[in-house]
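Topology and contacts: notes
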Amino acid sequence: MMPTFRQFKSQRPNRVLYDTLTFYNSVFGYIRLVDKQLFPKTFAGQIYTPCRMEIVESQQSSTPVINSTVKFSRMAQDFKQQLKLWKGASRITPISATYQRFDAADMNTPLKPWTLYVNDVSMDQNDVTVTLTLKNPLNNNVGRLYTPEEFPGLQNA
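Residues numbered from 1 in each chain as written. Predicted model: local features only at pLDDT ≥ 70, side-chain atom pairs only at ≥ 80, totals over all residues. Heavy atoms only, no water.

With that out of the way, let us pick up the overall build of the protein. Counting its secondary structure elements, the protein contains two helices and ten strands. For the protein, the sequential pattern of α-helices and β-strands runs α-β-β-β-β-β-β-α-β-β-β-β. Within the protein, the fraction of its 157 residues that count as buried is 31%. Counting contacts in the protein only where the partners sit at least 6 residues apart, residues at least 24 apart contribute 46% of the total. Counting every atom, the protein has about 10,800 Å² of accessible surface; 53% of that belongs to carbon and sulfur. (Helix = DSSP H or I, 4+ residues; strand = E, 2+ residues; numbered from the N terminus. Buried < 20%, exposed > 50% of the residue type's maximum accessible area, 1.4 Å probe, protein only. Contact = heavy atoms within 4.5 Å. Areas by Shrake-Rupley, 256 points an atom, 1.4 Å probe, with all protein chains shown as cover.)

Pasting the structure below:
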């Protein structure tokens, strides 16, 4: 039987848990970040860049994560440069964000992965706040496609 997270954390010796976040879009590729580290780390064969971030998951207890907020401090310039590449026709594809937690005992297998879409990015001079959601934001405000088969009056137009 697999131990609960509380049981896992109460066992000694305490092992380090690494929180990682990976942003992906076909325009700028993968941006892999690991929280609270000083040097780059390798998980599952991929190199993650260290950064400070604050991940706030949705408030449900046993249900899957459906929304989240990630706050990055002192990284606004890096994000601005990457987001500037996401313009024009490239905005047809959404930016996905994958959260993974790795254990120091097995740095190849994520403990708690989930993937959401980037819904909103707000930046100021100090922080970058990214809002993640389960629903693809590019599907919002998409009107219904009217076809002459469903609406015969369109044949005259």
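Residues Phe23, Phe72 and Leu132 are the most contacted members of the largest nonpolar core, which totals 20 residues. Among the secondary structure elements, those contributing two or more residues to this core are β1 (17-25), β2 (29-35), β6 (67-73), β7 (96-103), β9 (114-123) and β10 (127-133). If you look at the next biggest cluster of nonpolar residues, it comprises five residues, including Tyr18, Val34, Phe43 and Phe102. (Core = buried A, V, L, I, M, F, W, Y, C linked by side-chain atoms within 4.5 Å.)

A complete count under the given rule lists seven aromatic pairs for this structure. Ring centres of phenylalanine 23 and phenylalanine 72 lie 6.1 Å apart, and the angle between their planes is 55°; this geometry places the pair in the tilted category. Of this pair, phenylalanine 23 sits in strand β1 while phenylalanine 72 is found in strand β6, placing the two residues 49 residues apart along the sequence. Per residue, the accessibility class of phenylalanine 23 equals that of phenylalanine 72, and both read buried. Through a chain of ring-to-ring contacts, the aromatic side chains of Tyr18, Phe43, Tyr48 and Phe102 assemble into a single cluster. (Phe/Tyr/Trp six-rings, centres within 6.5 Å; stacked < 30°, edge-to-face > 60°.)

All right, on to the pattern of salt bridges then. All chains considered together, the criterion is met by four salt bridges. The residue arginine 101 makes a salt bridge to aspartate 19 at a minimum N-O spacing of 2.8 Å. With arginine 101 in strand β7 and aspartate 19 in strand β1, this pair connects stretches of sequence that are 82 residues apart. For arginine 101, a relative accessible area of 13% corresponds to the buried category. For glutamate 57, the salt bridge identified is with lysine 112, shortest N-O distance 3.3 Å. In this pair, glutamate 57 sits in strand β5 (residues 53-57) while lysine 112 sits in the loop between β8 (106-110) and β9, placing the two residues 55 residues apart along the sequence. The partly exposed category is assigned to lysine 112, whose relative accessible area is 31%. (Salt bridge = Lys/Arg side-chain N within 4 Å of Asp/Glu carboxyl O.)

On to the pairing of β6. The alternating pattern of β6 places Ser68, Val70 and Phe72 on a buried face and Asn67, Thr69, Lys71 and Ser73 on a face that is not buried. Looking at chain direction, β5 and β6 are connected through five bridges and run antiparallel. Its bridge partner being in β6, isoleucine 55 is matched across the sheet by valine 70. Both β6 and β10 contribute to a ladder of seven bridges, which runs antiparallel. Looking at the pairing, threonine 69 lines up with threonine 131 of β10. (Pairing = 2+ DSSP bridges.)

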